[in-house]
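Here's the letter readout for the chains.
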Amino acid sequence: MQEHNPKDFAQLALKTQYNNPHLKRGPQALKQLTELYTWLIPTALKKGKVLTYYEDNKLLGYFLRINSVNPMNKQKGTNVHTNFDPSSKKATAWWKKIIKSELSKCPSRSLLHLGQYHLKEEKLFNSLGFHIDSVQLIGNVAKALKEVQKRDLTKVKKQLREKGYRIRKLTNPDWATPLSKVVVEEFKKRPWHCRFAAYDEFQKVLADRLRVYAKNPNSKVNKTSNVWVILKGNRPLGDFSTTIFDTGLSGKIGGMGFEFGEELQGIGLGLIAYETIFKWHQKKGVKRFQGFTSNPAVLHLARKFGRKPVGWHFRKGKPHYPSEHFKV
């Protein structure tokens, strides 16, 4: 037996945390997770803690804590990855003991990465100060587009034009700095909707990324991404974007982001953004989309779209929404 073998961790994670009908479970999924744990385990050994439980040389439980500094905003953070085999009473008892001991030691704002099967222990997490912070959802592009187009989008588009708003692909590097400022300032008001973006340090990181994209938006490396900017005159007020991933767990799938300044909220722009992204997905042969969210408007549409939960983030600290807020 090789202790701390990444493949053992990946197999247990695939059996438990990622045992979801909306995720893939074949050899490519196992390969992706093995690569993840090949990084997570030595990082936790160096910058945190690794605890394991074995029965007959088989890994049936683990707890990984990683203390790190986020490269996007320079903030210190603690991330926890943990699993157990519920078919083993001893592994379950070990896991609960470790959870009670270790989560109580975690600092405020620590992030706990969990699968849907962990939710039966929500009261235990709550008792240790951890509450649902966001939910990972997967949706069907064609179904969601059909739902969006039930609305009178022609009327919405006309109203946006009359107010002087335009939507353009990000091709001007001069838009990068003002756009990044809009994004950071907006998420500072509600950081629980996108915590990593709510810091001044992130503004330069984001501006650099947007500037690189704008200088060559049609390059080979950018063929799987698209960024649209909302303008009034030549003043950028926000953007929305998508990136296509092809992973072992998810297959070919689109991620997306919405960053609207306050002036753009509540005017129907979100529906136009969804329609634009979904049409682009279809051109690229993408059938599913995913993302983490706590945003009430996004969750409302997620219910309309029939999106399904596949993962959860619990965060230590005062919850911003009750548990029921995240049910879809």
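Residues numbered from 1 in each chain as written. Predicted model: local features only at pLDDT ≥ 70, side-chain atom pairs only at ≥ 80, totals over all residues. Heavy atoms only, no water.

Draft legend 1. Structural view of the overall build of the chain. For the chain, the helix and strand inventory stands at 10 helices and 11 strands. A principal-axis box enclosing the C-alpha atoms of the chain has dimensions of 70 × 40 × 35 Å. For the chain, with 328 residues in total, the buried portion stands at 50%. Residue pairs in contact within the chain that sit at least 24 positions apart in sequence constitute 70% of those at least 6 positions apart. Surface summary for the chain: the accessible area is close to 16400 Å², and the carbon and sulfur share equals 52%. Here the chain carries 60 positive and 26 negative side-chain charges, and the mean point of each set is 3 Å from the other. (Helix = DSSP H or I, 4+ residues; strand = E, 2+ residues; numbered from the N terminus. Buried < 20%, exposed > 50% of the residue type's maximum accessible area, 1.4 Å probe, protein only. Contact = heavy atoms within 4.5 Å. Areas by Shrake-Rupley, 256 points an atom, 1.4 Å probe, with all protein chains shown as cover. Lys, Arg positive; Asp, Glu negative; His and termini not counted. Charge placed at Lys NZ, Arg CZ, Asp CG, Glu CD.)

Draft legend 2. Here's a closer look at the packing of helix α7 (residues 176–189) against helix α8 (residues 200–215). Remark: α7 packs on α8, axes separated minimally by 8 Å, with the N-to-C direction vectors making an angle of 140°. Where α7 crosses over α8, the two elements pack in a sense that is right-handed. Packed against α7, whose contacting residues are A176, T177, L179, S180, K181, V183, V184, E185 and K188, the element α8 presents D200, F202, Q203, L206, A207, L210 and R211 at the interface. For the contact of α7 with α8, a count of residues per class yields eight nonpolar, three polar and five charged. (Axes fitted to C-alpha atoms, helices over the stretch in contact; angles between N-to-C directions. Left-handed = near helix turned anticlockwise from the far one by under 90°. Nonpolar A, V, L, I, M, F, W, Y, C, P; charged D, E, K, R; others polar.)

Draft legend 3. Region of the structure containing the side chain of H313. With respect to the element layout, H313 can be found in strand β11 (residues 308–316). Of note is the side chain of H313, whose polar atom sits 3.2 Å from the side chain of H113. In this structure, H313 is in contact with L111, L112, H113, H131, I132, D133, S134 and F292, ignoring residues within four places of it in sequence. (Polar contact = N/O pair within 3.5 Å; in protein donor to acceptor, adjacent residues only side chain to side chain.)

Draft legend 4. Up close: the packing of aromatic side chains. Enumeration over the complete set of coordinates arrives at 19 aromatic pairs. Seen from their ring centres, F258 and F260 are 6.1 Å apart, and the 80° between their planes marks the pair as edge-to-face. Between F278 and F289 the ring centres are 4.8 Å apart and the planes differ by 50°, which places this aromatic pair in the tilted class. With F278 in helix α9 (residues 269–283) and F289 in strand β10 (residues 288–293), this pair connects stretches of sequence that are 11 residues apart. (Phe/Tyr/Trp six-rings, centres within 6.5 Å; stacked < 30°, edge-to-face > 60°.)

Draft legend 5. Quick peek at the side chain of H118. Along the chain, the position of H118 falls in the loop between β4 (111–114) and α4 (122–127). By relative accessible area, H118 is classed as buried at 1%. Within the structure, H118 has its side chain in polar contact with the backbone oxygen of T82 (distance 3.3 Å). At 2.8 Å, the side chain of H118 and the backbone nitrogen of G115 are in polar contact.

Draft legend 6. Quick look at α7. Its 14 residues place the ends of α7 21 Å apart at the C-alpha level, agreeing with the 20 Å of an ideal helix rising 1.5 Å per residue. Within the sequence span of α7, burial applies to A176, L179, S180, V182, V183, V184, E186 and F187. Where α7 is buried, its residues contact α8, β7 (225–232), β8 (235–247) and β9 (251–260). (Expected span 1.5 Å × (residues − 1).)

Draft legend 7. Examining the pattern of salt bridges more closely. Within this structure, the stated rule accounts for 20 salt bridges. Residue R65 is joined to E102 by a salt bridge in which the shortest nitrogen-to-oxygen separation is 3.8 Å. Residue R65 is located in strand β2 (residues 58–69), and its partner E102 is located in helix α3 (residues 89–103); the two are separated by 37 residues in the primary sequence. Classification of R65 as buried rests on a relative accessible area of 17%. Judged by its relative accessible area of 4%, E102 is buried. Of the charged contacts, one joins D200 and K188 as a salt bridge, the two residues approaching to 2.5 Å between their closest N and O atoms. With D200 in helix α8 and K188 in helix α7, this pair connects stretches of sequence that are 12 residues apart. Residue class for D200 comes out partly exposed when judged on its relative accessible area of 46%. A cluster of three or more residues bridged by salt bridges with shared partners is formed by K49, R65, E102 and K105. (Salt bridge = Lys/Arg side-chain N within 4 Å of Asp/Glu carboxyl O.)

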